[in-house]
Amino acid sequence: FGEDMRKQILGLALRYQGEWEKITEGLKRGEKPPCPAIAVPYVTWADAEYPALLRQLRFPPWILFYQGNLALADLPATGIVGSRRACRYGLTMTERCCGALKDEVIVSGLALGIDGAAHRAALRLCRGTIGIAGCGLDRPYPAYNRDLYTELPKANLLLSEYPPQTPPLKHHFPWRNRLIAALSDRIVVMQAGFHSGTMLTVNEAIELNREVWCLPYPAMNKEGEGCNLLISQGAEILMEPSQLTRTPQERRQACKNRVKTMKF
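Residues numbered from 1 in each chain as written. Predicted model: local features only at pLDDT ≥ 70, side-chain atom pairs only at ≥ 80, totals over all residues. Heavy atoms only, no water.

J.: Explain the environment of D115 here, please?
T.: The residue D115 is located in helix 4 (residues 114–125) in this model. When its relative accessible area of 5% is taken as the criterion, D115 is described as buried. With residues near it in sequence (within four places) discarded, D115 still touches I80, V81, G82, S108, G109 and L110. (Helix = DSSP H or I, 4+ residues; strand = E, 2+ residues; numbered from the N terminus. Buried < 20%, exposed > 50% of the residue type's maximum accessible area, 1.4 Å probe, protein only. Contact = heavy atoms within 4.5 Å.)

In structure tokens form, the structure reads like this:
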């Protein structure tokens, strides 16, 4: 596509603050806005370095601004997502799952609760972690996770389709969730209510034919109603973190073995 296309996409992203639909319409109209130099690295849909998994999306981002190691986007990865109001059970199991996935990259959304816990555990225990923001990378949000915006670029990866100075608008976050699903080989839901952004991530994962795993919760537990609903609809039930290290063939055989030993 060439440097002209790359600059056109950047110019439109800056003009429209990364809004996908507005960039798309601008490209259709042939808009070529000014393209000032920016300090943050970026990769566009027209570049060979663009993460291949994101091309599977119905609406792949036109541009990604990043800090850190972009090569992590091409490594085996598990998305770990869940509630911002995380309970102790969800946080503990998030830590344990990251410990079991030491050879993988953990993808999440830099939010409070489960997301932040997953990133912090991955920094200590895993091959790497990718944080996907719903704002410009120079606008750390939420403030509680400001340390992640500082730490991840050192050896891991921060990504956003929103250019510098873009504020964290409410509609950015559900839209951001499609990138978490696309960059992950599977999604693990650690905690979710009926109505949450986590459920949107799961819908996108299903569209992309990704595995969905859910941590089970006691009946009538509001904190995990979404997890239990997904399990009832066919999601894999996460009983122990070691399940995540098995191949699909090994998981099927383990299921057969359990059935053989069941007694009623």
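J.: Could you clarify how one ought to interpret unusual backbone geometry in this entry?
T.: A negative phi angle characterises most non-glycine residues, just as the trans form characterises most peptide bonds. Here the amide bond leading from Y141 into P142 is cis, since omega sits at -5°, within 30 degrees of zero. Its place among the elements puts P142 in the loop between strand 5 (128–132) and helix 5 (146–155).

J.: Is there a simple way to explain the side chain of R6 in this structure?
T.: Secondary-structure assignment places R6 in helix 1 (residues 2–15). Within the local environment of R6, its side chain forms a polar contact with the side chain of D47, the two groups lying 3.0 Å apart. Among all residues touching R6, those that are not within four sequence positions of it are Y42, T44 and D47. (Polar contact = N/O pair within 3.5 Å; in protein donor to acceptor, adjacent residues only side chain to side chain.)

J.: What's the story with the state of the cysteines in this structure? I'm lost.
T.: In a disulfide, the sulfur atoms of two cysteines are covalently bonded to one another. Scanning all chains against the criterion turns up 0 disulfides. Left without a disulfide partner, C87 is nearest to the cysteine sulfur of C227, which lies 9.0 Å away. Classification of C87 by relative accessible area gives buried; the value is 11%. (Disulfide = S-S within 2.5 Å.)

J.: What am I meant to see in the pairing of strand 7 (residues 186–191) here?
T.: Looking along a regular strand, one sees side chains alternate from face to face of the sheet. With respect to burial, strand 7 is a largely interior element, 6 of its 6 residues being buried. Of the strand pairs in this sheet, strand 3 (residues 77–82) and strand 7 are connected by 5 bridges, and their pairing is parallel. Within the sheet, the bridge partner assigned to I80 lies in strand 7 and is V188. Pairing of strand 7 with strand 8 (residues 211–214), which is carried by 4 bridges, proceeds in the parallel orientation. Residue pairing in the sheet places V188 in a bridge with W213 of strand 8. Handedness of the β-α-β unit built from strand 7, helix 7 (residues 197–207) and strand 8 comes out right-handed. (Pairing = 2+ DSSP bridges. Right-handed = clockwise from strand over helix to strand, strands pointing away.)

J.: Looking at this structure, how should I read the packing of aromatic side chains?
T.: Here the distance between the centres and the angle between the planes together describe a pair of aromatic rings. A complete count under the given rule lists 8 aromatic pairs for this structure. Residues W20 and F59 carry aromatic rings whose centres are separated by 5.1 Å and whose planes lie at 70° to one another, so their mutual orientation is edge-to-face. With W20 in helix 2 (residues 20–29) and F59 in the loop between strand 1 (42–44) and strand 2 (63–68), this pair connects stretches of sequence that are 39 residues apart. Overall, the relative accessible area of 15% leaves W20 in the buried class. (Phe/Tyr/Trp six-rings, centres within 6.5 Å; stacked < 30°, edge-to-face > 60°.)

J.: Please clarify how the pairing of strand 3 should be interpreted in this entry.
T.: Counting buried positions along strand 3 yields 6 of 6 residues, so the element is predominantly enclosed. Here strand 3 pairs with strand 4 (residues 105–108) via 3 bridges, running parallel. Bridge pairing in strand 4 links A77 to V105. For the handedness criterion, the β-α-β arrangement of strand 3, helix 3 (residues 88–100) and strand 4 is classed as right-handed.

J.: Mind showing me how you'd approach the environment of E21 here?
T.: Of note, E21 is situated in helix 2. On the basis of relative accessible area, E21 is assigned to the exposed category, the value being 61%. Taking the C-alpha atoms as reference points, E21 and I106, 85 residues apart in sequence, are found 29 Å from one another.

J.: For this particular structure, what's the right way to read the sheet that holds strand 6 (residues 157–160)?
T.: In a beta sheet, neighbouring strands are held together by backbone hydrogen bonds and run either parallel or antiparallel to one another. Strand order in the open sheet formed by 9 strands is 1-2-6-5-4-3-7-8-9, and the pairing between neighbours is mixed. In this open sheet, the two strands that pair with only one neighbour each are strand 1 and strand 9 (236–237). Running at roughly 145° to strand 3, helix 4 makes contact with strand 3, strand 4, strand 5 and strand 7 of the sheet. In this fold helix 6 (residues 172–183) packs onto strand 2, strand 3, strand 4, strand 5, strand 6 and strand 7, with an angle of close to 155° to the strand it touches most, strand 5. (Axes fitted to C-alpha atoms, helices over the stretch in contact; angles between N-to-C directions.)

Function-wise, these values are silent; they only describe arrangement.
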